[in-house]
Amino acid sequence: MNPSAKSPAQTRVLTGITTSGTPHLGNYAGAIRPAIQSSTEPGVDAFFFLADFHALIKCADPARVAQSRMEIAATWIAAGLDTDRVTFYRQSDVPEIPELCWMLTCVTAKGLMNRAHAYKASVDANALKGVDPDDGVTMGLFSYPVLMAADILMFNAHRVPVGRDQIQHLEMARDIAQRFNHQYGRGTDLFVLPEVQIDEDVATLPGLDGRKMSKSYNNTIPLFEGGARALKAAVAQIVTDSRLPGEPKDAESSHLYTLYRAFASTQQAAQFRAALEGGLGWGDAKQALCEQIEAQIGPMRAQYADLMDHPDRVEAILQAGAEKARRVAVPFMDRLREAVGLRQPAMATKGKNAAGTGKGSKARLVSFRDEDGRFRQRLFAADGAELLLSEPFADPKLLNRLSRQLAQADLSGVQADAQGLISLEADGQCWARCPVAALEQVRQALAQI
Ligand code: TRP
């Protein structure tokens, strides 16, 4: 049973794909298909994105980055992603991500980044070549894990499904989050510590030569590009042993069988296996494999082609996704700016006149949810200064009612307690406590609400 279905709260699942290549069958079966599947589970709030800032680290060809973005976006959609249900966006459409990346960079130990596998691999390769250890290493490559941490922490993701090669990056994201929480959290955690999710039953597909299917090994089977013909041509190149038709084959050790299984039901896989063991020729086996893959991805091809022909449609979907993502990122970034000291608390809240600089500024009452999930309000004067923080309430309607009543109430004659605090009450309930000295300002502000 799916564990998130049991918990009443939503689990935020987030993952991204770097837009530097054309999706192949391995990306589909190993990442896109299971991600789409998990986004349909109850209790899952999925955030999927195109990691195009990450693409710049690996790829200096603008046309390739642009083309790949289209291909990957179209693939997600054609593969059945419900873009209304999930939040599907392009990293570079959310400027709060690079902003957060900088904040995180400032708490990340350089020593932590020195240990990153991708960076170390470059250094080792340089040592072998006898060149400078940092030859060809950009700051983008070096700080790659910080940007990835920003992707994840910006949305406080609980679970991050990735391949094994990304486990270290997730550990680093947790490390960075902890450090930030410790430094700026003032007792509350600003960031959720994300959990890596490695799906054991998700297929890692072998490529044409039997090694893991990967662009870097040049052994991939295309997903949509080139149509059914390209699929067939690639499958024809899958390496097999030299057993002839009629000779029994060892299904377990055959890449063909591994690929087949990733696109078949248990029963179909068992039949295919029995056929191979019974002497099915490799040519016929390849034909059967093509048909099996085609049965799943063939119906998606038309939509993929249609989207590739209409980039404006893809763009509209991505813009709607960015808007959704920013509904989370913008207010959270306000909080983070406040936490690190880049804003006064009053200026850190949303709204054009928050700083009190706009013409015709009025006092404002801002509702929000605190760390414990309870509702509070902050009252700001017309000049943007924060005047009051309300008591926490479980019921937001009650909170609203009290503040509305207080806005109408006559506050003269209220008495301060021994600490000089006035309890602002309506219906016998305390909405907020206000220092005597601030009462006049609070009255004026409430009158403008
Ligand atoms: N680094 C990931 C990869 O190469 C892509 C990625 C970027 C990512 N940001 C992420 C994955 C955030 C998960 C979460 O596969």
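As the structure is a prediction and not an experimental result, all values here were calculated from the model.

### Quick word on the side chain of Thr87
Part 1 of the argument: Among the structural elements, Thr87 can be located in strand E3 (residues 87-90).
Part 2 of the argument: Residue contacts for Thr87: discarding those within four places in its chain leaves Ala46, Phe47, Phe48, Gly321, Lys324 and Ala325.

### Topic: the packing of helix H4 (residues 62-78) against helix H14 (residues 311-340)
Part 1 of the argument: Two numbers describe how H4 lies on H14: the axes approach to 10 Å, and their chain directions differ by 75°. When the axes of H4 and H14 are compared, the pair comes out roughly perpendicular. For the pair formed by H4 and H14, the contact residues are Met70, Ala73 and Ile77 on the first element and Pro311, Val314, Ile317 and Leu318 on the second.
Part 2 of the argument: Residues belonging to the contact of H4 with H14 are distributed by class as follows: seven nonpolar, no polar and no charged.

### Quick notes on the site of the ligand
Part 1 of the argument: Around the ligand, the surrounding shell holds 14 residues, and the nearest of these are His54, Tyr144, Met148, Asp151 and Gln166.
Part 2 of the argument: Measuring from a nitrogen atom of the ligand, one finds a side-chain N or O atom of Tyr144 at 2.5 Å.
Part 3 of the argument: A distance of 2.7 Å is found between a nitrogen atom of the ligand and a side-chain nitrogen or oxygen belonging to Asp151.
Part 4 of the argument: Computed on the free molecule, the ligand has an accessible area of 360 Å², of which 89% lies beneath the protein chains in the complex.
Part 5 of the argument: Listing elements by their share of the shell around the ligand, those giving two or more residues are strand E1 (11-18), strand E2 (44-51) and helix H8 (139-153).
Part 6 of the argument: The residue inventory of the shell around the ligand, partitioned by class, reads eight nonpolar, five polar and one charged.

### What to know about the pattern of salt bridges
Part 1 of the argument: Per the counting criterion, the structure on display carries 21 salt bridges.
Part 2 of the argument: Between Arg64 and Glu71 there is a salt bridge; the shortest N-O distance is 3.4 Å.
Part 3 of the argument: According to the relative accessible area criterion, Arg64 is partly exposed, its value standing at 23%.
Part 4 of the argument: When its relative accessible area of 3% is taken as the criterion, Glu71 is described as buried.
Part 5 of the argument: Linking Arg337 and Glu99 is a salt bridge whose minimum nitrogen-to-oxygen distance equals 2.7 Å. With Arg337 in helix H14 and Glu99 in helix H5 (residues 96-105), this residue pair connects regions lying 238 residues apart in the sequence.
Part 6 of the argument: Judged by its relative accessible area of 25%, Glu99 is partly exposed.
Part 7 of the argument: Shared partners join several salt bridges into a network, and the residues in it are Glu252, Arg261, Arg273 and Glu277.

### Description of the packing of aromatic side chains
Part 1 of the argument: Inspection of the entire model under this criterion finds 14 aromatic pairs.
Part 2 of the argument: Between Phe47 and Phe155, the ring centres sit 4.9 Å apart and the planes meet at 40°, which makes this aromatic pair tilted. Of this pair, Phe47 sits in strand E2 while Phe155 sits in the loop between H8 and strand E4 (159-161), and the two are 108 residues apart along the sequence.
Part 3 of the argument: Both rings, one in Phe224 and one in Tyr304, keep their centres 4.7 Å apart while their planes meet at 35°; by these two values the pair is tilted. Taken together, the residues Phe224 in the loop between strand E5 (195-197) and helix H10 (227-236) and Tyr304 in helix H13 (residues 282-309) connect sequence positions 80 residues apart. Take Phe224 and Tyr304: they sit in the same class, and that class is buried.
Part 4 of the argument: Through a chain of ring-to-ring contacts, the aromatic side chains of Phe47, Phe49, Tyr89 and Phe155 assemble into a single cluster.

Cut-offs applied
- Residues numbered from 1 in each chain as written.
- Predicted model: local features only at pLDDT ≥ 70, side-chain atom pairs only at ≥ 80, totals over all residues.
- Heavy atoms only, no water.
- Helix = DSSP H or I, 4+ residues; strand = E, 2+ residues; numbered from the N terminus.
- Contact = heavy atoms within 4.5 Å.
- Axes fitted to C-alpha atoms, helices over the stretch in contact; angles between N-to-C directions.
- Parallel < 35°, antiparallel > 145°, perpendicular 65-115°, else oblique.
- Nonpolar A, V, L, I, M, F, W, Y, C, P; charged D, E, K, R; others polar.
- Near = heavy atom within 4 Å.
- Polar contact = N/O pair within 3.5 Å; in protein donor to acceptor, adjacent residues only side chain to side chain.
- Areas by Shrake-Rupley, 256 points an atom, 1.4 Å probe, with all protein chains shown as cover.
- Salt bridge = Lys/Arg side-chain N within 4 Å of Asp/Glu carboxyl O.
- Buried < 20%, exposed > 50% of the residue type's maximum accessible area, 1.4 Å probe, protein only.
- Phe/Tyr/Trp six-rings, centres within 6.5 Å; stacked < 30°, edge-to-face > 60°.

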